[in-house]
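A closer look at the structure
This is what each chain is made of:
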Amino acid sequence: MIYNKYIAFIFIVLAIILIYGKTIQYDYAIDDSMVVRDNTIVAKGVSSIGEIFASSYLKGYDNPDKMDGVYRPIPLATLALTISVFGNNPKPHHIINILLFILVAFLLFQFLSNLFKNNLFIAFSITLIWVVLPVNIEVVANIKSRDEILALIFILSSISLALKNNIYFNICSGAALLFSMMCKESSIAFIVLIPLILYLKSYSKKHIYKTIAILGSSITILFLIRYRVLDNYEVLEIKINNNVFSFTGVERWYYKLFLILEYIRLYLFPTNLSWDYNYGYHEIKSYLLEALFTLLLIFASVYMFIITIKQKSYYSLFIAWFYICLLVVSNTFYLIGTTMADRLLF
């Protein structure tokens, strides 16, 4: 069994190298300028790590005297460390992204192997399908998306540690979730999803409540750090990068629901991918029919969730994982700095 797992994972690694290996030759692109090439704090290398943890995400880019409202010091610290070792050269950053993506695949494969204990084929198939998804290309190829990769590494580590019925491992699980949120704020969704996993695996109520308390403490610590570091921050202007602002009233809600449908399409039928889904990509029109169809899908998904969670089926986890994570980044309840992006499905 262990031998078969090694063979299966080697196949997954070969698939990753085959698909993503050519990104090593890529230069800096798109948002890489904000976090690496033109970021004056990151450019200082390892000597700036203290400053990075005491600053907002884009302070070193074009906002030296002001704080924006984003706090992601861990990915910036890894970029600064890479610059100290290899200089301001994109190739090492791309190599590290591929290696980190392989680590994500390993952690995901381990998690799924734990979930489906008697079926290695399911764990292998899901992991392989996920690593070859076209929507993941932006994350691996774009140096800036180091935040997405690191966030998922810490999330999967947090889940793995939470599954161990030991207080010390559980505290480490909380720390891993904290680190994940210091890479990408959307990781906060897992304060709901990790207890759900424990419930589906029939852990005791005591363990689930203890885990919720530890994860809640991690979120409290993050908010305290953000309050300390981002005191008097300025809200960045996001209208220029978010097509949602082109709509008003009920039409805006139609468009928001349409964006959820678009994300589902990107997963199932990944065509017409773009690095920029902002102004000009979607037509300015009424999306009433698309919104109604999206609501139908959501109601059907909620119904399936209710049925499957009663049966303690892992289908309920997959439904919850997709929709809860998507609601955080889809502009549904909180407008973000972009209309939509492939990396937000990561």
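The present account deals with the structure reproduced in this document. Every chain begins its residue count from 1, and numbering advances along the sequence as written. At least 70 in pLDDT is required for a residue's local features to be given in this predicted model, at least 80 for side-chain atom pairs to be given and counted, and no such filter applies to totals for whole chains, interfaces and linings, which use all residues. The basis for the side-chain values is all heavy atoms of the structure; hydrogens and waters are excluded.

A closer look at the nonpolar core
Selection criterion: Throughout, nonpolar core names a set of buried Ala, Val, Leu, Ile, Met, Phe, Trp, Tyr and Cys residues whose side chains join them through atoms within 4.5 Å. A 1.4 Å probe rolled over the protein chains alone gives each residue an accessible area, and that area as a share of the maximum for its type sets the label: buried under 20%, exposed over 50%, partly exposed in between. The criterion used for residue contact is that any of the two residues' heavy atoms lie within 4.5 Å.
Formed by 89 residues in total, the largest nonpolar core has its most connected members in I12, I16, W130 and I159. Discounting chain neighbours no more than four positions away, the residues touching I16 are G21, I98, F101, I102, A105 and V131. In terms of nonpolar packing, the next biggest core, distinct from the first, is built from 14 residues, V35, I41, I52 and A80 among them.

Here's the deal with the packing of aromatic side chains
Applicable threshold: For Phe, Tyr and Trp, where Trp contributes only its six-membered ring, two rings pair if their centres lie within 6.5 Å, and the inter-plane angle classes them as stacked under 30 degrees, edge-to-face over 60, or tilted in between. Runs of H or I in DSSP of at least four residues are treated as helices and runs of E of at least two as strands, each being numbered from the N terminus.
As enumerated under the stated definition, the model contains 18 aromatic pairs in all. The interplanar angle of 35° and the centroid separation of 6.3 Å between the aromatic rings of F116 and F318 together place this pair among those described as tilted. With F116 in the loop between helix 5 (90–115) and helix 6 (120–131) and F318 in helix 14 (residues 314–329), this residue pair connects regions lying 202 residues apart in the sequence. Consider the rings of F190 and W321, whose centres lie 5.0 Å apart with planes at 85°: the pair is edge-to-face.

As for a nonpolar patch on the surface
Just so we agree on the cut-off: Patch construction takes residues with relative accessible area above 30% that form no salt bridge. Like charges are linked within 9 Å, and nonpolar side chains (Val, Leu, Ile, Met, Phe, Trp, Tyr) are linked within 5 Å. For the accessible areas, the method is Shrake-Rupley and the probe is 1.4 Å, while residue cover comes only from the protein chains on display. A carboxyl oxygen of Asp or Glu within 4 Å of a side-chain nitrogen of Lys or Arg is what we treat as a salt bridge.
On the surface, V250, W253, L327, F333 and Y334 cluster together into a nonpolar patch covering about 590 Å² of accessible area. As for its position among the elements, L327 is in helix 14.

Regarding helix 10 (residues 190–200)
Most of helix 10 is tucked away, with eight of its 11 residues classed as buried. Taken together, the buried positions of helix 10 are occupied by F190, L193, I194, P195, L196, I197, L198 and L200. On the buried face of helix 10, the contacting elements are helix 5, helix 8 (146–162), helix 9 (167–181), helix 11 (205–229), helix 13 (288–310) and helix 14. Positive backbone phi, at 65°, marks S202, one or two positions downstream of helix 10.

Topic: the side chain of S180
Selection criterion: A 3.5 Å cut-off defines polar contacts: any pair of N or O atoms within that distance qualifies, except that in protein one atom must be a possible hydrogen donor and the other a possible acceptor, and neighbouring residues in sequence count only when both atoms are side-chain atoms.
Structurally, the position occupied by S180 is in helix 9. In this structure the side chain of S180 is engaged in a polar contact, spanning 2.6 Å, whose partner is the side chain of S187. Not counting chain neighbours up to four residues away, the residues in contact with S180 comprise A151, F154, I155 and S187.

Thoughts on the pattern of salt bridges
In total, this model carries nine salt bridges according to the counting rule given. The closest approach of N and O atoms between R72 and E185, which form a salt bridge, is 3.0 Å. Linking R72 in the loop between helix 3 (49–53) and helix 4 (73–86) with E185 in the loop between helix 9 and helix 10, this pair joins segments that are 113 residues apart in sequence. Owing to a relative accessible area of 11%, R72 belongs among the buried residues under this scheme. Given the relative accessible area of 24%, E185 is considered partly exposed. Each of R72, K144, D147 and E185 takes part in a single network of salt bridges with overlapping partners.

What to know about the environment of F86
Mapped onto the elements, F86 comes out in helix 4. The partly exposed category is assigned to F86, whose relative accessible area is 49%. Sequence separation between F86 and G45 is 41 residues, and the spatial gap between their C-alpha atoms is 9.9 Å.

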